[in-house]
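Each chain, letter by letter, is given below.
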Amino acid sequence: MIRAIDRKLWRDLWQMRGQALAIALVIGSGVATFIMSLSTLDSLRQTQASFYRDARFAGAFAALKRAPAELRGRIAAIPGVEQAEARVVADVKIDLEHFADPVTGRLVSIPDRGEPLLNRLYLRAGRTIEPGRNDEVIASEAFAQAHGLNPGDRLPVIINGRRKALTIVGLGLSPEYIYQIAPGSVMPDFARFAILWMGETPLAAAYDMEGAFNSVALSLTPRPSSNETAQVEDVLDQLDDLLAPYGGTGAYGREDQLSHRYLSEEFKQLGRMAQIFPVIFLGVAAFLLNVVVSRLVSTQREQIAALKAFGYGNADVGLHYAKLIVAITLAGVAIGAAGGLWLGEGLSQIYVRFYRFPSLVYILRPWIVGAAALISIVAALIGTLFAVRRAALLPPAQAMRPEPPVVYRPTLLERAGLQRWLAQPSRMIARHVERRPVKSLLSVTGIALAVAIMMVGNFQEDAIDFMIDAQFGLAQREDLAVTFVEPAARRALYELTGLPGVEYGEAFRAVPARLRFGHRSYRTAIQGMEPGGDLQRLLDARLRPVTVPPEGIMLTDHLGKILGAGPGDRLIVEVLEGSQPVREIPIEGLISQYIGVSAYMDRTALNRLMGEGPAISGAWLAVDERKQAAVFEALKERPRVAGTMIRRRAITSFYETMGETILIFTFINTLLAATIAVGVVYNSARISLSERSWELATLRVLGLTRAEISYILLGELALFTLAAIPLGFLIGR
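(A) Quick peek at the overall build of the chain. Each helix and strand in the chain was counted, giving 22 helices and 22 strands. A principal-axis box enclosing the C-alpha atoms of the chain has dimensions of 100 × 65 × 50 Å. Evaluated residue by residue, the chain yields a buried proportion of 53% over its 733 residues. Only carbon and sulfur atoms are counted for the fraction: they give 59% of the accessible area of the chain, which is about 33,900 Å². Charge separation in the chain, taken as the distance between the mean sites of 77 positive and 71 negative side-chain charges, equals 10 Å.

Here it is in structure tokens:
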């Protein structure tokens, strides 16, 4: 048997179905965001783990100049190493006839017979390389698609200064290059950077590496009972000791591997979104429920008195309104679960296409939906606790009486003598708003939260525009960055500036290093800059140029936070190149940099630290735009030039890469913000109409037209909206 009070519950829900649906949509927005974020995060992690496992992604890596193949056995014998794979890795220039911009690539050797032990390829198309062939390669799928290349196409390259035509026999993916980014770049540029896999014998012969290797990848033996971080550090230390005589540049674990690190940061961002946005939506939903239930209690005072007269106690009445809240919340959870599933799967597919995983493993764990429902119900009940308590404790005798009338006094506008400038309906709006300040403030706050969420959704585009303007407009002002295969004498700068079309140049020296402060460390590159340079400048927090000090080191503000160090502290610098000196260097200051995490020194001071002459790693060039093509052609002919980065192309690539992601998140946030705005405005209108129905009917009898009555209601909402916009800007900021 259904109790009478429960039948009343369903009737109340049906009568307020519009308001209930609006609130359920707001709750659903929060639940959908929560489910979308966590399910996408889980799915990407599962997809990543599956790909890593199937492809046997290495746990540690190291690069070096040249070591004999026999050293591989000693590396494999390091305690904690499960398998060791020695490889040849080399940079290559690609000369595409249909593409004028410089294109570089990375050649990675694979065994002539059989699959690699680690970092195995996943073939999307074509076949593997035939043993004995010296002109076959497998190309990364992203690069091939960017240029419309397919298995069987010829690819002209410049290998170690010699031209050669290679045949693409397959298109592949590797866990080592999920995030395919060129050295020195900030974002992937699939059209200008390629990964090519080639047979070990022909690649070693091309670079005079027969019986030798210059790269090694390791898998580590799992030790569940030991500290994994300590185990990795121990293996890396021993590996560094072995490779030091052979020009090792510092071993690093999977956590510091470039592609894996970018993925990890992306996952952190998704996790933050799962924490922030649902809180906003559920907070607004709790606010709306509180307003609706408060008004419902006010209009049902006589019904509450009747229920208590028929024997229902305070607990029954309180439970009745709690059930009403839970019913609306569960409807929102159902809407949010369906929307979150749809959005999560779609967002996961986008990430899989962007990172080029072989396939998607989409999962939605039941606990995520359960947690969303529990959080929503608790938030809704807490948000309406006062209103439910007021209903439960309302004495029957008091409930039988109508609410005391509002005390009418002249408004501020009237006391200021401005009433003569307002028509009668406008004065009524002003009086109603001022006589119910709390209700008015709550309505304004609800609409302001919708504005705030719109700002949160749209600020990414402006933030990225600002980052690009600061980085590429004020700091990196060169047209072209050129890096050498090996450090060269400073006179190489004059060769570059002597090219027709090159107007000005500045040399730089870059060395890999591990920076330590206390128990914290970070692996990055130290950039040695020319003092007083104009093409590359360091900026302070106000984006003003900062001069590189003649001694000491400068860190980006973010790197300073990572290390917990600041100006005046002394930093231990472990250089990972050449003789690998270890020095203690004072921090002279922090700079503001939005892209990249680096350290900076005077180039001459960095040369002294390295114990070398005026060596440079490359140059930043200002180039006449009309002669860029000729400069590119000249650089292709120079075997010492390892790669080039075009500033204008880097900006374009950055926007192309980020564009789809920004568009999707902006669309989702706009849709959800609109849901909140509709929910708040609709509920405000319904409540206002129910509260003033007798008053408005009386005004119609007294002769006011339908248009004037509509103006009184809609004008009040318009006033709330106008007041909410600046408040929304403040909350959004």
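(B) Representation of the environment of Arg3 within the structure. Looking at where Arg3 falls in the secondary structure, it is placed in the segment before helix H1 (4-15). Considered as a pair, Arg3 and Thr384 are 381 residues apart in the sequence and their alpha carbons are 24 Å apart. Sequence-distant contacts of Arg3, that is, excluding residues within four places in its chain, are made with Tyr312 and Asp316.

(C) Quick peek at helix H19 (residues 628-636). Regarding H19, the residues found buried are Gln628, Val631, Phe632, Leu635 and Lys636. Viewed end-on, H19 has its buried residues packed into an arc of 140°, placing them on one side of the element.

(D) Structural view of the packing of H1 against helix H9 (residues 314-355). Between H1 and H9, whose axes approach to 10 Å, the crossing angle comes to 40°. Here H1 is positioned oblique relative to H9, judged by the angle of their axes. Two packed elements cross with a definite hand, and for H1 against H9 that hand is right-handed. Contacts between H1 and H9 involve Ile5, Asp6, Lys8, Leu9, Asp12 and Leu13 from the former and Asp316, His320, Tyr321, Lys323, Leu324, Ala327 and Ile328 from the latter.

(E) Focus on the side chain of Arg356. Residue position: Arg356 is located in the loop between H9 and helix H10 (366-383). Looking at Arg356, the relative accessible area reads 18%, which means it is buried. Side chain to side chain, Arg356 and Glu141 meet in a polar contact 3.3 Å long.

(F) Up close: helix H22 (residues 706-732). If you check H22, its first and last C-alpha atoms are 37 Å apart, about what 27 residues at 1.5 Å a residue would give, namely 39 Å. Helix geometry: H22 is bent most strongly at Ile725, by close to 30°, with proline Pro726 lying one to four residues after it. All buried positions along H22 are accounted for by Ile709, Ile712, Leu713, Gly715, Glu716, Leu717, Phe720, Ala724, Gly728 and Gly732.

(G) Region of the structure containing the sheet that holds strand S10 (residues 212-220). An order of S2-S10-S1-S11 is seen for the 4 strands of this open sheet, with the pairing classed as antiparallel. The sheet is open, and its two edges are formed by strand S2 (81-87) and strand S11 (252-253), each paired on a single side. Bridge count for strand S1 (residues 60-68) against S11 is 2 bridges, and the pairing is antiparallel. Bridge pairing links Ala60 to Gly253 in S11.

(H) Molecular detail of the packing of aromatic side chains. By the definition in use, this model includes 10 aromatic pairs. For the pair Phe57 and Phe61, a centre-to-centre distance of 5.7 Å together with 45° between the ring planes defines the contact as tilted. For Phe57, a relative accessible area of 5% translates into the label buried. Accessibility expressed as a relative area gives 2% for Phe61, which makes it buried. For the ring pair Tyr179 and Tyr355, a centre distance of 5.8 Å and an interplane angle of 40° mean the geometry is tilted.

(I) Broad picture of the pattern of salt bridges. Under the definition given, this model contains 31 salt bridges. Across the pair Arg133 and Glu136 runs a salt bridge, and its minimum N-O distance is 3.5 Å. On the basis of relative accessibility, which here comes to 35%, the residue Arg133 falls in the partly exposed class. Overall, the relative accessible area of 2% leaves Glu136 in the buried class.

(J) Unusual backbone geometry, seen in detail. A positive phi angle, close to 55°, is found at Arg56, a residue other than glycine. By secondary structure assignment, the location of Arg56 is in the loop between helix H2 (17-55) and S1. Despite not being glycine, Asp208 shows a phi value in the positive range, around 55°. In this fold, Asp208 is placed in the loop between helix H5 (200-206) and S10.

(K) Seen up close, the pairing of strand S19 (residues 582-591). As paired strands, strand S17 (residues 553-556) and S19 are joined by 4 bridges and run parallel to one another. Among the inter-strand pairings, Thr556 is bridged to a residue of S19, identified as Ile591. The pairing of strand S18 (residues 570-575) with S19 spans 5 bridges and is antiparallel. Within the sheet, the bridge partner assigned to Glu574 lies in S19 and is Val582. Connecting S18 to the antiparallel partner S19 that follows it, the hairpin turn spans 6 residues, and Gly578 within it adopts a positive phi of roughly 65°.

What counts, and where the lines are drawn
Residues numbered from 1 in each chain as written. Predicted model: local features only at pLDDT ≥ 70, side-chain atom pairs only at ≥ 80, totals over all residues. Heavy atoms only, no water. Helix = DSSP H or I, 4+ residues; strand = E, 2+ residues; numbered from the N terminus. Buried < 20%, exposed > 50% of the residue type's maximum accessible area, 1.4 Å probe, protein only. Areas by Shrake-Rupley, 256 points an atom, 1.4 Å probe, with all protein chains shown as cover. Lys, Arg positive; Asp, Glu negative; His and termini not counted. Charge placed at Lys NZ, Arg CZ, Asp CG, Glu CD. Contact = heavy atoms within 4.5 Å. Arc of directions from axis to C-beta. Axes fitted to C-alpha atoms, helices over the stretch in contact; angles between N-to-C directions. Parallel < 35°, antiparallel > 145°, perpendicular 65-115°, else oblique. Left-handed = near helix turned anticlockwise from the far one by under 90°. Polar contact = N/O pair within 3.5 Å; in protein donor to acceptor, adjacent residues only side chain to side chain. Expected span 1.5 Å × (residues − 1). Bend = angle between axes of the 7 residues up to and from the residue. Pairing = 2+ DSSP bridges. Phe/Tyr/Trp six-rings, centres within 6.5 Å; stacked < 30°, edge-to-face > 60°. Salt bridge = Lys/Arg side-chain N within 4 Å of Asp/Glu carboxyl O.

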